[in-house]
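# Per-entry structural report
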Amino acid sequence: MTPFGERLRELRAERGMTQKQMAAAIGVSPAYLSALEHGKRGTPRWILVQDIIACLNIIWDEADELQRLAMHSAPKVTIDTTTLSPKATELANLLASGIDVLGDEALEDLRLRLDAAIRRAGR
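What comes next is a walk through the structure.

Moving on, we come to unusual backbone geometry. Even without a glycine there, the phi angle at Asn57 is positive, about 55°. One can find Asn57 in the loop between α4 (46-56) and α5 (60-71).

Right, dumping it as structure tokens:
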């Protein structure tokens, strides 16, 4: 499951909507919505995320968070470090080789640290 799929499922459940009801409201099949929630589909298109936001009647911070999660929920990630420093290549490989043994607490700590470093770098 992706972060987007997990949050989408939570929001849908909070509103008492079935996958079938929501799928009809946003114009996708129930099978596609299920695959999206379970991380079997890639990052949803921007317009679909907007349709979901409207369907769930969410605003402001919650909508921003759902959009952010959609951008960071590709289930298959490739990092090309051919033009980057050796340190970048080492980090990418270390993450790829060890992410499966890290618990949620360690992953969240790494995510927060990386997010802060990226913000400091000006992105």
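On to the nonpolar core. One recurring pattern in soluble globular proteins is that nonpolar side chains are buried together. Ranked by internal contacts, the top residues of the largest apolar core, which has 19 residues, are Phe4, Leu8, Met22, Ile52, Leu56, Ile58 and Leu66. Those elements that provide at least two residues to this core are α1 (3-14), α2 (19-26), α3 (30-37), α4 and α5. With 5 residues, the top contributor of residues to this core is α4. Once you skip the residues sitting within four places of it in the chain, Leu66 turns out to touch Phe4, Arg7, Leu8, Leu11, Ile52, Ile53 and Ile58.

Structurally, Gln21 can be placed in helix α2. Residue Gln21 is classed as partly exposed on the basis of its relative accessible area, which comes to 44%. In this structure, the C-alpha to C-alpha distance between Gln21 and Asp109, residues 88 residues apart in sequence, is 37 Å. Here the side chain of Gln21 touches Thr18 through a polar contact of 2.8 Å, landing on its backbone nitrogen.

Turning next to the environment of Ala63. Mapped onto the fold, Ala63 is located in helix α5. Note on Ala63: relative accessible area 7%, which makes it buried. The spacing of Ala63 and Val49 is 14 residues in sequence and 9.1 Å in space, taken between C-alpha atoms. In this structure Ala63 touches Ile53 and Ile58, once residues within four positions along its chain are discounted.

Let us now look at the side chain of Glu37. Position of Glu37 relative to the elements: it lies in helix α3. Within the structure, Glu37 has its side chain in polar contact with the side chain of Gln19 (distance 2.8 Å). Excluding anything up to four places from it in sequence, Glu37 contacts Met1, Gly5, Glu6, Leu8, Arg9, Arg12 and Gln19.

Before going further, it helps to examine α3. Within α3 the residues assigned to the buried category are Leu33, Ala35, Leu36 and Glu37. The secondary structure elements touched by the buried residues of α3 are α1, α2 and α4. Gly39 occupies a position one or two residues after α3 and carries a positive phi of about 75°.

Packed helices, taken two at a time, are described by the angle their axes make and the gap between the axes. The contact between α1 and α5 brings their axes to 8 Å, and the two run at 145°. Considering how the two elements wind past one another, α1 and α5 form a crossing that is left-handed. From α1, Pro3, Phe4, Arg7, Leu8 and Leu11 reach across to α5, where they touch Glu62, Leu66, Leu69 and Ala70. A per-class count over the contact of α1 with α5 returns 7 nonpolar, no polar and 2 charged.

What counts, and at which threshold
Residues numbered from 1 in each chain as written. Predicted model: local features only at pLDDT ≥ 70, side-chain atom pairs only at ≥ 80, totals over all residues. Heavy atoms only, no water. Helix = DSSP H or I, 4+ residues; strand = E, 2+ residues; numbered from the N terminus. Core = buried A, V, L, I, M, F, W, Y, C linked by side-chain atoms within 4.5 Å. Buried < 20%, exposed > 50% of the residue type's maximum accessible area, 1.4 Å probe, protein only. Contact = heavy atoms within 4.5 Å. Polar contact = N/O pair within 3.5 Å; in protein donor to acceptor, adjacent residues only side chain to side chain. Axes fitted to C-alpha atoms, helices over the stretch in contact; angles between N-to-C directions. Left-handed = near helix turned anticlockwise from the far one by under 90°. Nonpolar A, V, L, I, M, F, W, Y, C, P; charged D, E, K, R; others polar.

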